[in-house]
Amino acid sequence: MSPSRNLRILLGPVCLLGIVALAFWHYGTSQLPQVRTKEVEPVSTEVHFRDQGRLEPEHPIEAELKGGEGDRYEVDLQAGQYVHLVANQRGIDVTLRLWAPDGTKVFEVDTLSPTGTVGPEHVFVIPETSGVFHAEVFSTDASAPAGPYEIKLEEPRIPEESDRAHVLAFKLLMEGEDLRRKGDTAGASEKYEAALTLWRKGSGSEWIARSLYLIGWVDKDDPRRMAKALDAYREVIPLLHASGQRDEEGMALSLRGYLELRNGAVDDAIEDRKSTR
């Protein structure tokens, strides 16, 4: 057999492997579900707020916004009570913000999600003061078309120890989100890990899954933290599947495949890619 034929035989599998890897990279990254990461903010505009009156416990309000619009609600809260406020996005990506009576910002929430315009934005808090708080729901994306949302205040209650732990974990998660938006992915990962540790003690799979998903997201592009990201995606995928979060599950599968490909596990990467179809 000639030397040139030997070379062709040797290079054949190598080229094939390269083509497979290139194809997976193209389809597994360029065709991932689109995610608003918030590292790059959308086209912004000044927000014009409308006063919508009082938000009462267990009396949800449905409304509609478009880009550059916001709604403001008065909320009577008592110090020391466990408060859960939620804005359900039903066609527009919104930010949920809560102000204390003295004008201090309590929380501003716009979490990372593959769905963007669908799903809840939560605030969990135990206020330190009583009075009239203000909840705002708004969109800063000037190009956003009109879409509906619902805002709801669950009945405040005296907190149990599990509620206090949940509020602390949520605060850590939001601190992580602030760091992520500022580009500090290592700091964000530490905050998510701290929140995850608390949520593993009893807040349910939803918040465990959310922490794991975010850990995977911020750690996936740092070679020193890729193994941790891969572990996070491996754990979160069954949780997302069980809860019916198909968009998040598809994204996690694609990103797990991306990381496995970078680790040289081509067969596993291809199987993950097939699972997202």
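Q: With reference to specific residues and values, describe the sheet that holds strand β3 (residues 69-77).
A: With mixed pairing, the five strands of this open sheet are ordered in space as β1-β3-β8-β5-β6. The sheet is open, and its two borders are formed by β1 (48-54) and β6 (105-109), each paired with just one other strand. On average, each strand axis in the sheet is tilted by 20° relative to the strand beside it, whichever way the strands run. Examined bridge by bridge, strand β5 (residues 95-99) and β6 share four bridges and lie antiparallel to one another. Of the residues in β6, the one forming a bridge with Trp-99 is Lys-105.

Q: Would you mind going over the nonpolar core in detail, with residue names and values included?
A: The nonpolar side chains of soluble globular proteins are, as a tendency, buried together. Among the nonpolar cores identified, the biggest contains 63 residues, and Leu-85 and Ile-151 are the most heavily contacted of them. At nine residues, the largest contribution of residues to this core is made by helix α4 (residues 205-219). Contact partners of Leu-85, with chain neighbours within four places excluded, come to Leu-55, Leu-96, Leu-98, Glu-121, His-122, Val-123, Ala-135, Ile-151, Lys-152 and Leu-153.

Q: Give a detailed account of the pairing of strand β8 (residues 131-138), specifying residues and quantitative values.
A: Where β3 lies against β8, eight bridges are found, and the strand directions are antiparallel. Residue Asp-71 lies in a different strand from β8, and its bridge partner there is Val-137. By the bridge criterion, five bridges tie β5 to β8 in an arrangement that is antiparallel. Bridge pairing in β8 links Leu-98 to Ala-135.

Q: Break down the side chain of Glu-249 for me, citing the residues and quoting the values.
A: Tracing the backbone shows Glu-249 in helix α6 (residues 246-262). By relative accessible area, Glu-249 is classed as buried at 7%. For Glu-249, the residues in contact, after removing those within four places along its chain, are Ile-237, Leu-240 and His-241.

Reading the values: the criteria
Residues numbered from 1 in each chain as written. Predicted model: local features only at pLDDT ≥ 70, side-chain atom pairs only at ≥ 80, totals over all residues. Heavy atoms only, no water. Pairing = 2+ DSSP bridges. Helix = DSSP H or I, 4+ residues; strand = E, 2+ residues; numbered from the N terminus. Axes fitted to C-alpha atoms, helices over the stretch in contact; angles between N-to-C directions. Core = buried A, V, L, I, M, F, W, Y, C linked by side-chain atoms within 4.5 Å. Buried < 20%, exposed > 50% of the residue type's maximum accessible area, 1.4 Å probe, protein only. Contact = heavy atoms within 4.5 Å.

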